[in-house]
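Observations on the three-dimensional arrangement
Residue strings, one per chain:
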Amino acid sequence: MNSNIKLIFEKGNEHPIRNYIPKMDVESVEINEILPINLQRKDLPLPDIAEVEIVRHYLKLSQKNYGIDTGIYPLGSCTMKYNPKINEVIVRLPGFSRIHPLQEDKQGALELIFQLSKMLEEITGMHGFTFQPAAGAQGELTGLLIIKKYFEGHGLKKDKIIIPDSSHGTNPASAKMAGFSIIELKSNKEGEIPLDHLEFAMQEGDVAGIMLTNPNTLGLFERQITEITRIVHEKEGLCYYDGANLNPMLGICRPGDMGFDIVHLNLHKTFATPHGGGGPGSGPVGVKQELVAYLPEPCIVSKDNFFSFRDYSEKSIGRMKCFWGNFGVLVKAHAYINALGAEGLRRAGQSAVLNANYLRILLKEKYYLPYDRMCQHEFVLSDKNLPNEITTEDIAKRILDYGLHAPTIYFPLIVSGAMMIEPTETESKASLDKFVEVLIKIHEEAENNPEIVKNAPLNTLVKRLDAVLAARKPILHD
Ligand SMILES: *Cc1c(COP(=O)(O)O)cnc(C)c1O
């Protein structure tokens, strides 16, 4: 670790500049009267450090970080787009930020959640939503528990679920947690589900349905999607749509119209909360009419413009999280959807697709593109054919030297040495051109000066880590 990262406690007394804060001149309480002497600390070694030093310390630390406010963040599958600051201002309004979930009068908050539900129903073609899940993966678990309870209620033993190998990694994990066993479907050369394999898998009576990520992790739209839902429904299965990556579809098409019964969204991707910030997030789950009774309680209902909770539904799977989910994330999503409107959302989706295809066309000149067709909001390159045995990791590390963030690497697993690039709709053409220029330059280096790429990063504070050692024996400061 670099020695210029210091903890604030180590900085104390380095340059003892006295603080300018004046001594208290109000009468102080006699401390012994309120705190017994045996509970009092004799000594508290706080650093003797001036305000200006503290400000500089934390500002410097923030500058060592990289975020979407610094530059492009093409981390595929994460939709690291720029989210307008106005949404952060709105969620901080005291009416939203100081409300308590148990307070009596919360009509405004309930109305906001109710309205957001209506908007997402319109966007996805569903008939009811729950906002309890705190993340996409928890939304998946919620949806799968609904599927499970639905079949149990119908006296059917269906404990298998079909998941294509192009689905997001959380899908099989959630299915397993919900008690399903998994039938994996291998995707074909086009990166899509072979319908004959699906039909074959659906022959078994104990298959509960399919869990589909669309666009899949290759960034490709399943062109036979309505056929897929038809085949599954024909055998009394249910269709689950992983809509964490809804960006390219906004205002264009809806999972409900494609025949899906359940969908989860990631508000912390598509709707104004950044993904990957360590939370909080929100993974609302939407269902068709037949499944509304299975949604977790409480569900908000409206009568004569008064908002309350529906009567407890025997079919409900119960609670997934305390209170009403991560309310702040819902406020931001509500503000974002309202600000953009139907036309704005459609433009956001179209720009996400346009930006990804722009990069795809320019980069496939130098980098191998395993699935060479029109992509959605992201696409996958690989390190096949790179000169001098340069790997995906080398490329990703060298990108850091040019002051940019690397794409997602080694995911999806079905492409060896994958680089999954998602520029998002909020990058300008100039920013995309700069990203291409850097990647082409690195390709030239890979040909002519491979050592520099193999040893990258050379300009960053932390150099290339021994990934194995770093995981086993992390050194968190010097
Ligand atoms: C991000 C993502 C998830 C998981 O969402 P989390 O909020 O990280 O749990 C699931 N599916 C897809 C397609 C995703 O991109």
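Structure first, text after, so check above.
Residues numbered from 1 in each chain as written. Predicted model: local features only at pLDDT ≥ 70, side-chain atom pairs only at ≥ 80, totals over all residues. Heavy atoms only, no water.

1. Here we look at the overall build of the protein chain
Counting its regular elements, the protein chain contains 16 helices and twelve strands. Of the contacts made within the protein chain by residues no fewer than 6 positions apart, 70% connect residues no fewer than 24 positions apart. Separation between the mean location of the 52 positive side-chain charges and that of the 60 negative ones in the protein chain comes to 2 Å. (Helix = DSSP H or I, 4+ residues; strand = E, 2+ residues; numbered from the N terminus. Contact = heavy atoms within 4.5 Å. Lys, Arg positive; Asp, Glu negative; His and termini not counted. Charge placed at Lys NZ, Arg CZ, Asp CG, Glu CD.)

2. Overview of helix H14 (residues 429-448)
The first and last C-alpha atoms of H14 sit 28 Å apart over 20 residues, in line with the 28 Å expected at 1.5 Å per residue. Those residues of H14 lying buried are Ser431, Leu432, Phe435, Val436, Val438, Leu439, Ile442, His443, Glu445 and Ala446. The inward-facing, buried residues of H14 contact helix H12 (327-363), helix H13 (392-401), strand S12 (418-421) and helix H15 (450-454). (Expected span 1.5 Å × (residues − 1). Buried < 20%, exposed > 50% of the residue type's maximum accessible area, 1.4 Å probe, protein only.)

3. Some points on the pattern of salt bridges
On inspection of all chains with the given rule, the structure shows 22 salt bridges. Between Glu88 and Arg92 there is a salt bridge, with the nearest N and O atoms lying 3.8 Å from each other. Taking relative accessible area as the criterion, Glu88 reaches 22% and is therefore assigned partly exposed. Judged by relative accessible area, Arg92 falls into the exposed class, the value being 58%. A salt bridge links Glu192 to Arg373, with the shortest nitrogen-to-oxygen separation between them at 3.3 Å. (Salt bridge = Lys/Arg side-chain N within 4 Å of Asp/Glu carboxyl O.)

4. What to know about the site of the ligand
Around the ligand, the structure places 15 residues, and the nearest of them are Gly136, Ala137, Asp242, His268 and Lys269. Note that an oxygen atom of the ligand is positioned 2.9 Å from one of the side-chain N or O atoms of Ser77. With respect to the ligand, the backbone of Ala137 contributes an N or O atom lying 2.9 Å from an oxygen atom. Burial of the ligand by the surrounding chains reaches 90%, relative to a free accessible area of 380 Å². At the level of secondary structure, the elements contributing two or more residues to the shell around the ligand comprise helix H7 (136-153) and helix H11 (267-270). Here the shell around the ligand takes three residues from H7, the largest share from any one element. Grouping the amino acids of the shell around the ligand by side-chain chemistry returns three nonpolar, nine polar and three charged. (Near = heavy atom within 4 Å. Polar contact = N/O pair within 3.5 Å; in protein donor to acceptor, adjacent residues only side chain to side chain. Areas by Shrake-Rupley, 256 points an atom, 1.4 Å probe, with all protein chains shown as cover. Nonpolar A, V, L, I, M, F, W, Y, C, P; charged D, E, K, R; others polar.)

5. Describing the packing of H13 against H14
Taken N-terminus to C-terminus, the directions of H13 and H14 make an angle of 120°; their axes are 10 Å apart at the nearest point. As judged from the angle between their axes, H13 and H14 are oblique. Read as a crossing pair, H13 and H14 show a hand that is right-handed. Across the interface between the two elements, Ile395, Arg398 and Ile399 from H13 touch Leu439, Ile442 and Glu445 from H14. Here the residues of the contact of H13 with H14 sort into four nonpolar, no polar and two charged. (Axes fitted to C-alpha atoms, helices over the stretch in contact; angles between N-to-C directions. Parallel < 35°, antiparallel > 145°, perpendicular 65-115°, else oblique. Left-handed = near helix turned anticlockwise from the far one by under 90°.)

6. Some details on the sheet that holds strand S3 (residues 181-185)
Spatial ordering of the open sheet is given by S1-S7-S6-S5-S4-S2-S3, a layout of seven strands whose pairing is mixed. Edge strands, defined here as strands with exactly one partner in the open sheet, are strand S1 (128-130) and S3. Adjacent strand axes in the sheet meet at a mean angle of 25°, parallel and antiparallel pairs treated alike. Here strand S2 (residues 160-164) pairs with S3 via five bridges, running parallel. Across the sheet, Ile162 pairs through a bridge with Ile183, a residue of S3. Across the face of the sheet, helix H10 (residues 225-234) comes into contact with strand S4 (207-213) and strand S5 (238-243) while running at roughly 145° to S5. (Pairing = 2+ DSSP bridges.)

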